[in-house]
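Letter by letter, the chains look like this.
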Amino acid sequence: MTTTLKAPPLTGKSRRLSTSPIPAVPAGEAPANAGLRTGVAAGRENHEHHATKAYGVQSATAPLTPMAIPRRAIGARDVQIEILYCGVCHSDLHTARNEWHHTVYPCVPGHEIVGRVVGVGPEVSKFHAGELAAVGCMVDACRVCPSCSAGVEQYCDQGPVLTYNSEDSHLGGVTYGGYSKAIVVDEAFVLRVSDKLNPAAVAPLLCAGITTYSPLRCWNVGPGQKVGIVGLGGLGHMGVKFARAFGAHVVLFTTSPGKAGDGRRLGAHEVVVSSDPDALNQHINSFDFILDAVSADHDVNAYLRLLKLDGTLTLVGLPEKPLDIAAFSLAGKRRRFAGSNIGGIAETQEMLDYCADHGIVADVEVIAMNQVNEAYERMLKGQVKYRFVIDLATL
Ligand code: NAP
Ligand code: ZN
Ligand code: ZN
C-alpha cells in the first residue's frame, strides 16, 4: 500500500498540526506490526513506516483504547527501541483530555520511556542493539537556535519536537508517545541508562526526574538553604529526593495529611499540611527557594509569602487555568516568581548518571496497559505513590 504524505510547513513555535496524514487507527482496523509501507518524504528523511501497537485517545472525553500507529523505518542516525516501561505523567492526562487546548487526535501520550535498543542506523555511534536506552519529553529540536546551541533544547526557539502531540517531520502528522511497543528516535535525543537501576523505576526520571533536577540545579540548591517542595506527586516526590540529596533543608507542602510519613521517608526534614494556616505562618519569610509542582488551581500567594528577601518560587506544575499573583506577594521582599520546563538532553543525561551514582529512582506502581484509565482517575485523586509506570509487555 502506498501512502502519500503531505506535511504542512512548520508554523509558529508550537509545531502542532490540525491533521494527521498517516492516521493512527483503532486496533482491529489495522494489524500491529503489519510490515513496511512506503510513503513520500515530507521532512528530513523519511519514507517507510510500519504499524506499531499503541494505546491512545480519539477525543478529549474518550478513554484510552488500543490502536495502531505508524513508526518510521530506521534512518541513518536513528535508534529503534522496544519500549519496556513508560511512566504516566500528569501532562499525559492534561494532553489526553485537551486541558491545554492544543491536542491533535488521535493522541498517544507517554514521555517517560525506557526500553531496549533493537536496531540502529549506519551512522549511529552512541548505541548498540541490546543496550538499555531512554527517551524523555523531546525527540528533536531545530539544533541551531541560541537555546539549542546552548544545550537547552527544551527552550528551542522553534519549539522542541515533543515526544507526542508535536509535528512529525518524518512521517507527517503528529508524534506519538510511549504508550506503545516501539519508538524510533534520532540518537541525539536518546539517553543512556545504567543497568544498575530498576528500569521501571528509572522511567519517571525522564520527565518527573529532570523537571525537578533542572530547576534545583539552575537555582543552585544546596547546603545551608531552606527549600520547599509543593505537592507530593510524581514530580514532587522526585523534587524531595533531589533537594535532600543536594544537601538542602527540605520542607514538603502537601494537601494530603496521609502523605506526611512518606514525605519524611522520601527525604523531607519537615512536612506541612497546607490547609493549616498556622502551620504555613510559621514559615513566613524563611525560604530560599520553593518548587511548586501542583497540577491544579491553587493559591500560589500562600507560598510566595514564605520566601525570604530575594527568594525564588519556581513553577513547574502546569494547571489548566492561569494563577492569580498578588503584586504584594512579590514586591514586599523583592521575591521572584519563575518557571521551568523539563531539561536539555545533556542535563537529562547528567541527571540519569547522577541517579545511577547515588542510587536514586522513582517510587513506582507498575501497572498493565489496560489499567491506564483507572490510573488516570487515581492520579487525579492524588492516590499514586508516587508514579504509575506501564509495563509494555502487557500491551
Ligand atoms: P501528580 O503526580 O498528579 O501530582 C500532583 C500533586 O499536586 C498531587 O499529588 C497533589 O499533591 C497536588 N495537588 C493536586 N491537586 C491539587 C490541588 N487542587 N491543590 C493543591 N495541590 C494539589 O502530577 P505530576 O505528574 O507530578 O505533574 C504535576 C504538574 O507538573 C502537572 O501540571 C504536569 O503537567 C506538570 N509538569 C510540568 C513539567 C514541566 O516541564 N514544567 C513537566 C512534567 C509535568 P499533595 O497530595 O501532596 O497535595
Ligand atoms: Zn511529563
Ligand atoms: Zn532550537
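Because the structure is predicted, anything quoted here is derived from the model rather than measured. (Residues numbered from 1 in each chain as written. Chains lettered and ligands numbered in written order. Predicted model: local features only at pLDDT ≥ 70, side-chain atom pairs only at ≥ 80, totals over all residues. Heavy atoms only, no water.)

## With respect to the packing of aromatic side chains
- Inspection of every chain in the model, using the stated rule, returns nine aromatic pairs.
- Consider the rings of Phe 246 and Tyr 354, whose centres lie 5.5 Å apart with planes at 75°: the pair is edge-to-face. Note that Phe 246 is positioned in the loop between helix H5 (234-245) and strand E14 (249-254) and Tyr 354 in helix H10 (residues 345-358), a separation of 108 residues in sequence. When sorted by exposure, Phe 246 lands in the same class as Tyr 354, which is buried.
- Plain terms: the ring middles of Phe 253 and Tyr 303 are 5.3 Å apart, the flat faces sit at 70° to each other, and that makes the pair edge-to-face. Note that Phe 253 is positioned in strand E14 and Tyr 303 in helix H8 (residues 301-304), a separation of 50 residues in sequence.
- Taken together, Tyr 213, Phe 242, Phe 246 and Tyr 354 form an aromatic cluster joined through their ring pairs.
- Sitting above the plane of the Phe 246 ring, Arg 217 keeps its charged end 3.7 Å from the centroid.
- Its end group placed over the ring of Phe 287, Lys 226 keeps NZ or CZ at 4.6 Å from the ring centre. (Phe/Tyr/Trp six-rings, centres within 6.5 Å; stacked < 30°, edge-to-face > 60°. Helix = DSSP H or I, 4+ residues; strand = E, 2+ residues; numbered from the N terminus. Buried < 20%, exposed > 50% of the residue type's maximum accessible area, 1.4 Å probe, protein only. Lys NZ or Arg CZ within 6 Å of the ring centre and 35° of its normal.)

## Digging into the coordination of the zinc ion (ligand 2)
- Every protein donor of the zinc ion (ligand 2) is listed here as Cys 89 (SG), His 111 (NE2) and Cys 207 (SG), and their distances to the metal cover 2.0 to 2.2 Å.
- Expressed as a motif, the donor residue spacing for the zinc ion (ligand 2) is C-x21-H-x95-C. Highlighted residues: Cys 89 in the loop between strand E6 (78-87) and helix H1 (90-96) and Cys 207 in the loop between helix H3 (199-202) and helix H4 (208-218), separated in sequence by 118 residues. Each of the two residues, Cys 89 as well as Cys 207, counts as buried. (Donors = N, O, S within 2.8 Å, 3.2 Å for Na, K, Ca; no water.)

## What to know about the nonpolar core
- Judged by nonpolar contacts, the single largest core of 103 residues is most densely connected at Tyr 179, Val 202, Phe 242, Val 372 and Tyr 376.
- Per-element accounting of this core gives the leading share, six residues, to H10.
- When neighbours within four sequence positions are excluded, Phe 242 is seen to be in contact with Gly 209, Thr 212, Tyr 213, Leu 216, Met 351, Tyr 354, Cys 355 and Ile 360.
- Val 251, Phe 253, Phe 287 and Leu 313 belong to the second-largest nonpolar core, a separate cluster that totals 16 residues. (Core = buried A, V, L, I, M, F, W, Y, C linked by side-chain atoms within 4.5 Å. Contact = heavy atoms within 4.5 Å.)

## Regarding the sheet that holds strand E16 (residues 287-292)
- The parallel open sheet is built from six strands, whose spatial order is E15-E14-E13-E16-E17-E18. Taken across any chain shown, the strands that pair with only one partner, and hence form the sheet edges, are strand E15 (270-273) and strand E18 (336-339). Each adjacent strand pair in this sheet contributes to an overall mean axis angle of 20°, direction not counted.
- For strand E13 (residues 226-230) and E16, the ladder comprises four bridges, and the chain directions are parallel. When the bridges of E16 are listed, Gly 228 appears paired with Ile 290.
- Contacting E13, E16 and strand E17 (307-315), H4 runs over the sheet at an angle of about 160° to E16.
- Relative to the sheet, H5 contacts E13 and E14, its axis offset from that of E13 by approximately 165°. (Pairing = 2+ DSSP bridges. Axes fitted to C-alpha atoms, helices over the stretch in contact; angles between N-to-C directions.)

## Quick word on empty space enclosed by the protein
- Overall, the coordinates contain two cavities of 30 Å³ or more when judged by the stated rule.
- Gly 136, Cys 137, Met 138, Phe 189, Leu 191, Leu 206, Ile 210, Ile 342, Gly 343, Ile 345 and Thr 348 together form the lining of the largest cavity.
- For the second largest cavity, the calculated volume is near 40 Å³.
- Every residue lining the second largest cavity is listed: Arg 192, Val 193, Ser 194, Leu 197, Val 202, Leu 205, Leu 352 and Cys 355.
- Each residue belonging to the lining of the second largest cavity can be placed in one class, and the counts come to six nonpolar, one polar and one charged. (1 Å grid on protein atoms, 1.4 Å probe; cavity = no way out; pocket = protein on both sides within 12 Å on 5 of 7 lines; lining within 4 Å. Points joined across faces, edges and corners; volume = space filled by probe spheres on them. Nonpolar A, V, L, I, M, F, W, Y, C, P; charged D, E, K, R; others polar.)

## Things to note about the coordination of the zinc ion (ligand 3)
- Cys 142 (SG), Cys 145 (SG), Cys 148 (SG) and Cys 156 (SG) make up the full set of protein donors to the zinc ion (ligand 3), lying at 2.3 to 2.4 Å.
- Its four donor atoms give the zinc ion (ligand 3) angles of 104 to 118° at the centre, a pattern that matches the tetrahedral case.
- In primary sequence terms, the donor set of the zinc ion (ligand 3) follows C-x2-C-x2-C-x7-C.
- Judged by its relative accessible area of 18%, Cys 142 is buried. (Tetrahedral: all angles 85-135°; square planar, octahedral: opposite > 155°, others 65-115°.)

Coordinates in, geometry out; function isn't part of it.
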